[in-house]
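Chain residues, written in single-letter form:
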Amino acid sequence: MVDVVLLGSAAFLAGLVDAVVGGGGLIQLPVMFSVFTKEVPATLLGTSKLAGIFGTGAAAVNYARQVRVAWSAAAPAALAAFALSFAGAYTVTKVPADFVRTLLPILLVAVAVYTFKKKDFGSVHAPVHSGNAERMFAVAMGAGIGFYDGFFGPGTGSFLMFLFVRFFGFDFLSASAAAKVVNVACNLSALMWFGYSGHLLWQLGLMMAACQVAGSLVGTKLAIKHGTAFVRKLFLVVVTVLILKTGYDAFVKW
């Protein structure tokens, strides 16, 4: 019973954080690995994706109801991400991810420094692309992030938000909404693979999915109520935690 409460609480908090800035996996996965010490990692990853797609999907729907989602950029990015995440998942079975593990904290430091130094970064929604140019940039970004999510994964939501702000001119709230659409596509693609290969604990995943949905609804309301400034601050907090976690994995644990 204690384990159920612990996993449900972790899923709720993961859904809340993920709905605002991404990075919910930082909360959910470590708890799952600590509870299921003898379970195959792929099964825990698949189960986490099952819970995550419900939470992220609920956030995406909630954003779409209250914030204008830039579908002209989000839709092509999501399609490209869906396709390339398969390629990433296949590649990781052939090529070690050690290089990405080492590079990731360095990239996250650059993201954090850039965001912190530019005080007005993501404060104004002023899209810089339109038409074919926007679609081309969106496909390129979606393909890159989708491949990364399938190949390695940590920080996908945060990277998406940063890219939507930096290269598309979105504010943080609009970037968060668009990022959820792309994230759903990444999760769906990965979930199809995990389901096909039998790496899913369905009952656990669905229980955690319900908790994630509840958390994501709370997170979405917080983001919309408090606006871009709140999302920016939480983004910096989550990226800092990601730097510490991935830095430990890259240079200490491994």
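This write-up is about the structure you can find in this document. The shown structure was predicted, so the numbers you read here are calculated from the model rather than taken from an experiment.

1. A closer look at the packing of helix α2 (residues 25–35) against helix α3 (residues 41–66)
Remark: α2 packs on α3, axes separated minimally by 10 Å, with the N-to-C direction vectors making an angle of 140°. On the basis of their axis angle, the class for α2 and α3 is oblique. Viewed along their axes, α2 and α3 form a crossing whose handedness is right-handed. In this structure, α2 contributes Gln28, Leu29, Met32 and Phe33 to the contact, and α3 contributes Pro41, Leu44, Leu45, Thr47, Ser48 and Ala51. A breakdown of the residues in the contact of α2 with α3 according to their chemical character gives seven nonpolar, three polar and no charged.

2. Focus on the packing of aromatic side chains
Applying the stated criterion across every chain yields a total of eight aromatic pairs. When the centroid spacing of 5.4 Å and the interplanar angle of 5° are considered together, the rings of Phe164 and Phe170 count as stacked. Ring geometry for Phe168 against Phe170: centres 5.9 Å apart, planes inclined by 55°, an arrangement best described as tilted. For the pair formed by Phe168 and Phe170, the shared burial category is buried. One aromatic cluster in this structure is built from Phe164, Phe168 and Phe170. The positively charged end of Arg166 is found above the aromatic ring belonging to Phe167, 5.0 Å away from the centroid.

Definitions and limits used
- Residues numbered from 1 in each chain as written.
- Predicted model: local features only at pLDDT ≥ 70, side-chain atom pairs only at ≥ 80, totals over all residues.
- Heavy atoms only, no water.
- Axes fitted to C-alpha atoms, helices over the stretch in contact; angles between N-to-C directions.
- Helix = DSSP H or I, 4+ residues; strand = E, 2+ residues; numbered from the N terminus.
- Parallel < 35°, antiparallel > 145°, perpendicular 65-115°, else oblique.
- Left-handed = near helix turned anticlockwise from the far one by under 90°.
- Contact = heavy atoms within 4.5 Å.
- Nonpolar A, V, L, I, M, F, W, Y, C, P; charged D, E, K, R; others polar.
- Phe/Tyr/Trp six-rings, centres within 6.5 Å; stacked < 30°, edge-to-face > 60°.
- Buried < 20%, exposed > 50% of the residue type's maximum accessible area, 1.4 Å probe, protein only.
- Lys NZ or Arg CZ within 6 Å of the ring centre and 35° of its normal.

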